[in-house]
Amino acid sequence: MQVPIEYYLILSAFMFSVGVAGVLIRRNAIIILMSIELMLNSANLALITFSSFMGNSIGQIFAFFVMTVAAAEAAIGLAIVIAIFRNKLTVNIDQINLFKW
Amino acid sequence: MIDYIYLTILFPLAGFLINGLFGSKIKNEKIIGIIGSSAVGLSFLFTILSFIQLLNLPIDERTRVVELFTWLNVAGLNIKFAYLVDQLSIVMSLIVTGVGFLIHVYSIGYMHGDKGFWRFFAYLNLFIFAMMNLILGDNFLVLFLGWEGVGLCSYLLIGFYYDRKFEKGTVPEAAKKAFIVNRIGDFGFLLGMFLIYQTFDSLNFLEVFSKAEYFPISETTFSFIALFLFIGATGKSAQIPLYVWLPDAMAGPTPVSALIHAATMVTAGVYMVARASIIFASAPAIMTLVAVIGLLTAFFAATIGLVQTDIKKVLAYSTVSQLGYMFLAAGVGAFGAAIFHVMTHAFFKALLFLGAGSVIHAMHEQQDIRNYGNLKKYMPVTYLTFIIAAFAIAGVPGLSGFFSKDEILWYSYSKGNLTFWIIGALTAVITAFYMFRLVSLTFFGKERFGKDVHPHESPKVMTIPLIVLAFLSIVGGYVGIPEIFSGEGGNALKNWFKPIFAPAEAKLRTFGSHSHFEELLLMGISVAAALSAIYFAYVVYTRKKEIADKTASSVKGLYNTLLNKYYVDEIYESSVIKPILIISEKVLWKVTDNKLIDGIVNGSAKLIYYISIIIRKMQTGVAQFYALIMMIGISVALFWLILTL
């Protein structure tokens, strides 16, 4: 038997919400990066779900692209976090308010 | 040749470009002078050829339009860059290029050794270029282009000696005065052009004039157009109330005074009035105004000329006065006579100025006639030619000035009234008097200059143009012999201009006929008066100088008024210039600019600053706050999208 599409989508939405909450609430920059990964993966899940249910492989190919981009993004993000840590000796986002007026 | 008429305009332009761009590199005065003179000489040659061709055409084909290109084509306004060759423009072209060529040649000698030699010739060529555009343009816009161009050249050449002092001020001040006073006139001219376009829906001469002739257009409209055009003419041709710049224009080199401020540019206003004769003829009130202004200018300028002591100043006021004569002629409807006087005046006034230049040259820049005397001994050629010109301007029978001036005086009586004639004739007498005061003080009497001054005759390159102009001053009048001497239809110039001025003359009121006896009587009176004035001036200023001094001291008030030019400059200074300066400083600068405009600019900056103080609080610097705002935005957008689906 097949699992209905709603299950996948609800899971994806839940993962996305967790990611958003993580980005908005957590103070640690590394955890924020992880939350972003979570959001991207939820999007991947949705893509693959639709792809599989519609019998169309384009969504799956898209998921690969997203993964590649996510890897690159994670690499750069971590590099920035390390650079900031060297300067400020902290990765607490509250204390890194360089944009402030 | 007529089809190549644009060459007469391109040669001076080429001369200007060559001398203007490379003049400082060429350094050799001879080459620069030859380039400058031959540019105008070639132009003169082509004008003569065109003139001959025009002469051989039947009368009704003597109006030719030479189109070059479409200049403007915007929203129904289509202006072609085209030249109009007809009886009027070809005569003016002959005067400008012919006299211009002689003055160019003369300048080679006069400007010898000047550090701005190449600049001088470049400007002169540019002037001829602009003037030819003014004369030959076939619509008001091309005329206006030339009109502004000659104004610019006049400014550049008046200010030629930009590092020198002039009277109470400096040379650049005199140049600026000329430029600004001309602007006032040009503004009037522009308004006239706008009104012409609004009324006739065209700026093309032939179109406008044929519409003006046949279309039912109210006299009020004509009056306004003519008034505005005439305001333009008063500026350019130095008439009351805008004549004040011309005496100051004498700050320029003397050949410039001869070319621009005597022979050609200042007659542009007369040319324009003659060109638009049909418009003026349709506005009788303005015609009377033109005649009265011309008459007043002629008379008052002549009286000022009586007491001036600077040789160029006397000639300058004489020019203003003679220009007044031309407007008097135009104002009574004798447009042909006006152009005739433009021509003869160009000959003898250019000669007078060049002669004055020769004297100034010999006397080492001394311009005060009280320091001259007995120069005929040292400068025979200058003396002879100068006195011919003086006889011509005084109206001695047989010379050119006699024919044109007499024609104007006759028309001012036969088409105007007796008052016009009396004041006109009186002006002629005063003219004869001040000219021979000038001649006597300069060439006769005792030597009043120091022992260290050694006057000498000018070089050939200067005296030959003088001789040619003297010849023209003698014979120039024989193209317009009055009909009482030459019989009905014997006035060659009048017949030549007939097709141009016939529509205007047909529109003007017709007058009762006058007998030949009247004409001869009036002519006799004015000639006799002028001759006695010449003799009187000669006696007083060569032998009995004390009469002049005594007269001057007995009417001291009048004398000083004349010496100070009726205080017109002072009146303008206190009534126009001072108020403008005060208003500019106290109101326009201190209030309008400092408070209002700066206030608006600084105020808007301040407003943004205060708003920023409030809204910059949103920039917390916490990245998560930004992310939150973004999320809210996306959610709202999504909801809106879903709800509208």
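Keep in mind the model is a prediction, meaning the values are calculated, not measured.

A few words now on the overall build of chain A. Secondary structure assignment for chain A yields three helices and zero strands. In sequence order, chain A lays out its α and β elements as α-α-α. Based on the C-alpha atoms only, the size of chain A along its principal axes is roughly 55 × 25 × 25 Å. Counting the 101 residues in chain A, one finds 10% classified as buried.

This brings us to the overall build of chain B. Of the regular secondary structure elements, chain B holds 26 helices and four strands. The principal-axis extent of the C-alpha atoms belonging to chain B is close to 110 × 65 × 50 Å. Considering chain B as a whole, with its 645 residues, one finds that 50% of them fall into the buried category. Contacts in chain B between residues far apart in sequence, at least 24 positions, make up 80% of those at least 6 positions apart.

Pairing of strand β1 (residues 64–74) of chain B with strand β2 (residues 77–85) of chain B, which is carried by nine bridges, proceeds in the antiparallel orientation. If you follow V66 of chain B over to β2 of chain B, its bridge partner there is Y83 of chain B.

Residues and elements named next belong to chain B. Ranked by size, the top nonpolar core spans 209 residues in total, and within it A329, A338 and A350 carry the most contacts. There are two domains that each give this core at least three residues, and those are domain 1 (1–138) and domain 2 (139–563). Excluding its chain neighbours within four sequence positions, the residues that come into contact with A329 are A334, A337, A338, H341, I408 and Y411.

Residues and elements named next belong to chain B. In contact at an axis separation of 9 Å, helix α15 (residues 335–362) and helix α19 (residues 460–475) are set at 150° when each is read in the N-to-C sense. Classified by the angle their axes make, α15 and α19 are roughly antiparallel. For the pair α15 and α19, the sense of crossing is left-handed. Contacts between α15 and α19 involve F347, F348, A350, L351, L354, G355 and S358 from the first element and M462, P465, L466, L469, A470, L472 and S473 from the second. In terms of residue class, the contact of α15 with α19 is made up of eleven nonpolar, three polar and no charged.

On to the environment of V475 of chain B. Residues and elements named next belong to chain B. In this structure, V475 sits in helix α19. V475 sits in the partly exposed class, given 13 other C-beta atoms within 10 Å. V475 sits 74 residues away from G401 along the chain, and the two C-alpha atoms are 9.9 Å apart.

This part is about the interface of chain B and chain A. In this complex, chain B contributes ten residues to the contact, which on the side of chain A involves ten residues. Split by residue class, the side of chain B that touches chain A holds five nonpolar, four polar and one charged.

What follows is about unusual backbone geometry. All names here are of chain B. Look at the link from I240 to P241: it is a cis peptide, with omega at 5°. Looking at where P241 falls in the secondary structure, it is placed in the loop between α8 (219–236) and α9 (245–248). Its identity is not glycine, yet A238 carries a phi of approximately 55°, on the positive side. Turning to its location among the elements, A238 is positioned in the loop between α8 and α9.

This brings us to the domain arrangement of chain B. For chain B, the assigned domains read domain 1 (1–138), domain 2 (139–563) and domain 3 (570–644). Domain 1 of chain B and domain 3 of chain B are separated by 54 Å when their C-alpha centres are compared.

With that settled, the discussion passes to helix α6 (residues 171–200) of chain B. With 30 residues, α6 of chain B ought to run about 44 Å at 1.5 Å a step, and its terminal C-alpha atoms sit 43 Å apart, in line with that. D201 of chain B sits one or two positions beyond α6 of chain B and adopts a positive phi of about 65°.

Largest kink in helix α25 (residues 568–615) of chain B: about 40°, centred on L588 of chain B. Taking burial as the measure, the 48 residues of α25 of chain B include zero buried ones, a minor fraction of the element.

Cut-off values and rules
- Residues numbered from 1 in each chain as written.
- Chains lettered and ligands numbered in written order.
- Predicted model: local features only at pLDDT ≥ 70, side-chain atom pairs only at ≥ 80, totals over all residues.
- Helix = DSSP H or I, 4+ residues; strand = E, 2+ residues; numbered from the N terminus.
- Buried ≥ 20, exposed ≤ 12 C-beta atoms within 10 Å, placed from the backbone.
- Contact = placed C-beta atoms within 7 Å.
- Pairing = 2+ DSSP bridges.
- Core = buried A, V, L, I, M, F, W, Y, C linked by C-beta atoms within 7 Å.
- Domains from an automatic or database assignment.
- Axes fitted to C-alpha atoms, helices over the stretch in contact; angles between N-to-C directions.
- Parallel < 35°, antiparallel > 145°, perpendicular 65-115°, else oblique.
- Left-handed = near helix turned anticlockwise from the far one by under 90°.
- Nonpolar A, V, L, I, M, F, W, Y, C, P; charged D, E, K, R; others polar.
- Expected span 1.5 Å × (residues − 1).
- Bend = angle between axes of the 7 residues up to and from the residue.

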